[in-house]
Amino acid sequence: AQKVTQAQTEISVVEKEDVTLDCVYETRDTTYYLFWYKQPPSGELVFLIRRNSFDEQNEISGRYSWNFQKSTSSFNFTITASQVVDSAVYFCALSEGSQGNLIFGKGTKLSVKP
Amino acid sequence: ETGVTQTPRHLVMGMTNKKSLKCEQHLGHNAMYWYKQSAKKPLELMFVYNFKEQTENNSVPSRFSPECPNSSHLFLHLHTLQPEDSALYLCASSPSTYNEQFFGPGTRLTVL
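Just so it is clear, the structure is predicted and the values come from calculations on it, not from any experiment.

Q: I'm lost on the interface of chain B and chain A in this one. Help?
A: Where interface size is quoted, it is often the accessible area lost as the parts come together. Listed as interface residues are 21 residues of chain B and, on the opposing side, 20 residues of chain A. A buried area of about 1,700 Å², summed over both sides, lies between chain B and chain A, and 55% of it is on carbon and sulfur atoms. When the area that chain B buries against chain A is broken down by residue, the three leading residues are B:Leu43, B:Tyr98 and B:Phe103, summing to 32%. Taken together, chain B and chain A are joined by 1 salt bridge. A salt bridge links B:Glu100 to A:Arg50, with the nearest nitrogen and oxygen atoms 3.7 Å apart. Across the chain B-chain A interface, the total number found is 3 residue pairs in polar contact (both at pLDDT 80 or more). Broken down by secondary-structure element, the contributors of at least two residues to the side of chain B that touches chain A are β4 (31-37), β5 (44-50), β6 (53-57), β9 (87-94) and β10 (102-103) of chain B. At 3 residues, β4(B) tops the list of elements feeding residues into the side of chain B that touches chain A. Among the residues forming the side of chain B that touches chain A, the class breakdown is 12 nonpolar, 6 polar and 3 charged.

Q: Could you clarify how one ought to interpret the state of the cysteines in this entry?
A: Covalent bonding between the sulfur atoms of two cysteines defines a disulfide. All told, the structure shown has 2 disulfides over all chains when counted by the stated rule. Covalently, A:Cys23 is tied to A:Cys92 through a disulfide, its sulfur atoms 1.9 Å apart. Given an S-S torsion of about -65°, the disulfide between A:Cys23 and A:Cys92 has left-handed geometry. With a gap of 69 residues between them, A:Cys23 in the loop between β3 (19-21) and β4 (24-26) and A:Cys92 in strand β10 (residues 88-96) connect regions that are remote in the sequence. Overall, A:Cys23 belongs to the buried group, its relative accessible area being 0%. The disulfide bridge from B:Cys23 ends at B:Cys91, spanning 1.9 Å between sulfur atoms. On the sign convention where negative means left-handed, the S-S torsion of about -75° between B:Cys23 and B:Cys91 marks this disulfide as left-handed. Here B:Cys91 lies in strand β9 and B:Cys23 lies in strand β3 (residues 18-25), a separation of 68 residues in the sequence. On the basis of relative accessibility, which here comes to 0%, the residue B:Cys23 falls in the buried class. Residue B:Cys68 stays outside any disulfide, its sulfur separated by 9.1 Å from that of B:Cys91, the closest cysteine.

Criteria and thresholds
Residues numbered from 1 in each chain as written. Chains lettered and ligands numbered in written order. Predicted model: local features only at pLDDT ≥ 70, side-chain atom pairs only at ≥ 80, totals over all residues. Heavy atoms only, no water. Contact = heavy atoms within 4.5 Å. Buried area = accessible area lost by both parts, 1.4 Å probe. Salt bridge = Lys/Arg side-chain N within 4 Å of Asp/Glu carboxyl O. Polar contact = N/O pair within 3.5 Å; in protein donor to acceptor, adjacent residues only side chain to side chain. Helix = DSSP H or I, 4+ residues; strand = E, 2+ residues; numbered from the N terminus. Nonpolar A, V, L, I, M, F, W, Y, C, P; charged D, E, K, R; others polar. Disulfide = S-S within 2.5 Å. Buried < 20%, exposed > 50% of the residue type's maximum accessible area, 1.4 Å probe, protein only.

If you want it as structure tokens, here you go:
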């Protein structure tokens, strides 16, 4: 069965600290997609990244980076030099096949204090 | 207008009322989705429409009735709801069901 686990419920850091959000997934499929979304206090989910199961290359986008490791079924998200505007709930999600059925983790609430 | 819009943004209704949530996407996408986000559970997929055809109904009670008249519009008709249906209802769209989904701002529903 599909499952996404975000063990960290809440994280609090001080501005400019680096922070890593953990995501562990379970799936029986060999083809699947992993996602990260950000939900600021306004409520709208903002798409951050999509990876397919055949692409284990790590990705960097500005202060954001993602580490995908199939050996440990993890897709962790690191924010470098965090800023107050990074405060939000971050969701990791998994999709198998073609049905568009996104399975979300419970989310990690990140608070960045000035 | 850009992205995915949802109306109303807030809705308060009694258990005997009938109301509808509206979602509109201006992205030219072919797939649309309804999700429920409540304090007690993770984000839950409710319905998937692909090219106006419903392809997924995630065991949603019949008091929630979706409608997709075209690829740009999606409705969620509500009737005889329960207080536990109070939640944030999010609409999303994607080019196809393989792609990343783009979300609207949500409708905050309160059932009294």
